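Single-letter residue listing:
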Amino acid sequence: MAKRILLLLASILLFSPLLAQEKELQGYYQPHISHYVLIETSKGSFVIGLYDETPLHRDNFLQLIRTKAYEGVLFHRTIQRFMVQTGNLLTKGATPQTDVSRDTIQVRIPAEILQHKLFHKRGAVAAARIGNELNPMKESSQTQFYITTGTFFTDWDLDDIEKNTERVFTPYERAIYKIQGGEPSLDGEYTVFGEVVKGMETIEKIEEAKTDETNRPKRDIIIKKVTLIGKPK
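The structure displayed is predicted, hence computed values, not measured ones.

J.: How should empty space enclosed by the protein be read in this particular structure?
T.: Applying the stated criterion across every chain yields a total of 2 cavities of 30 Å³ or more. Empty space within the largest cavity amounts to approximately 60 Å³. His 57, Asn 60, Phe 61, Tyr 70, Ile 109, Ala 127, Ser 141, Gln 142, Thr 143, Gln 144, Phe 145 and Phe 193 are the residues that line the largest cavity. Examining the composition of the lining of the largest cavity, we find that 3 residues originate from one element, helix H2 (residues 55-66), more than from any other. Residues belonging to the lining of the largest cavity are distributed by class as follows: 6 nonpolar, 6 polar and no charged. In this structure, the second largest cavity occupies an estimated 40 Å³ of space. Lining the second largest cavity, in full, are Pro 31, Tyr 51, Lys 117, Leu 118, Phe 119, Lys 121 and Tyr 172. In terms of residue class, the lining of the second largest cavity is built from 5 nonpolar, no polar and 2 charged.

Rendered as C-alpha cells:
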C-alpha cells in the first residue's frame, strides 16, 4: 500500500506542471477553421482543418480537392520525428525507378507565414517550397504539402534555440512544443495553413514506413480519395 501511495505522489509531481501548462494554453490565440478535409490513404484516413487565416492556401487546396488532383498521388518523402510529405502530382503511377523529387509544377502561392500564431506544432499542415536561393519570398508550391510530426522539446532545448538564432518563443509556443511536440526549426520558413484534427495515428503509420536513401517509402503509400466534409465529431 505504501508503495502505491508513493507512486501516486510521484505521478502527481510529474504531471502537475504539464496540467498547469495545459490550463495556461486556454485563452491563447486559436486559428479559425471552417473547412474540413477527409484524406483516405492506403495506410488509413485522417482529417485536416484548413485555416481561414491563410485564405490563398485554403482556397487553392479546396480547388485541388474539387478537381480530384490528389487522388493517386504518393506520400513520396517521410522522415521519422520530422514530417511526411505528399502532393507531387507527378508521382501518380510512379514506378520504383521514378525520380519522385521531380515536380514540373511552376505555379507558386504567395507566402502567408504568420509566425507565433501558425507554427509547426505536431500535426501542422504546411506548404512545401523550393529553397531561399531560388525563392527568397518563400512562395509555396501549389500542390505539395507536408504534415509535421516532430518531437518534444524541453525549456532547455528551446532556450538553446533562442541563443543560437534570433527566435524568441512566446509562452504559448513553449507550452505547445513541450506538451504536443513539433518542429520549431521550420517556423518562419514555410506557410502553415492547417492541422490534423483527427486520425494522427494514420500519420504515425506513414511516418514509420521503411524508406530508401531518398526518404521515399519502399512500399507506396497512396492517397485514394480526398473529400470536403463537415466538422468531425
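Text resumes after the structure shown.
J.: Explain helix H5 (residues 200-207) here, please?
T.: Side chains that are three or four residues apart share a direction in an α-helix, a result of its 3.6 residues per turn. All of the buried residues in H5 are Met 200, Thr 202, Ile 203, Ile 206 and Glu 207. Relative to the axis of H5, the buried residues are bounded by an arc of 150 degrees and lie together on one face.

J.: I keep staring at the environment of Ile 223 and nothing clicks. Help me out?
T.: Along the polypeptide, Ile 223 turns up in strand S10 (residues 223-229). The class of Ile 223 is buried, set by a relative accessible area of 1%. Each C-alpha atom of the pair Ile 223 and Ser 42 lies 6.7 Å from the other, and the pair is 181 residues apart in sequence. Each residue touching Ile 223, except ones within four places of it in the same chain, is listed here: Ile 39, Glu 40, Thr 41, Tyr 70, Glu 71, Gly 72, Val 73, Phe 75 and Thr 86.

Criteria and cut-off values
- Residues numbered from 1 in each chain as written.
- Predicted model: local features only at pLDDT ≥ 70, side-chain atom pairs only at ≥ 80, totals over all residues.
- Heavy atoms only, no water.
- 1 Å grid on protein atoms, 1.4 Å probe; cavity = no way out; pocket = protein on both sides within 12 Å on 5 of 7 lines; lining within 4 Å.
- Points joined across faces, edges and corners; volume = space filled by probe spheres on them.
- Helix = DSSP H or I, 4+ residues; strand = E, 2+ residues; numbered from the N terminus.
- Nonpolar A, V, L, I, M, F, W, Y, C, P; charged D, E, K, R; others polar.
- Buried < 20%, exposed > 50% of the residue type's maximum accessible area, 1.4 Å probe, protein only.
- Arc of directions from axis to C-beta.
- Contact = heavy atoms within 4.5 Å.

Remember, this is a structural readout, not a statement about activity or role.
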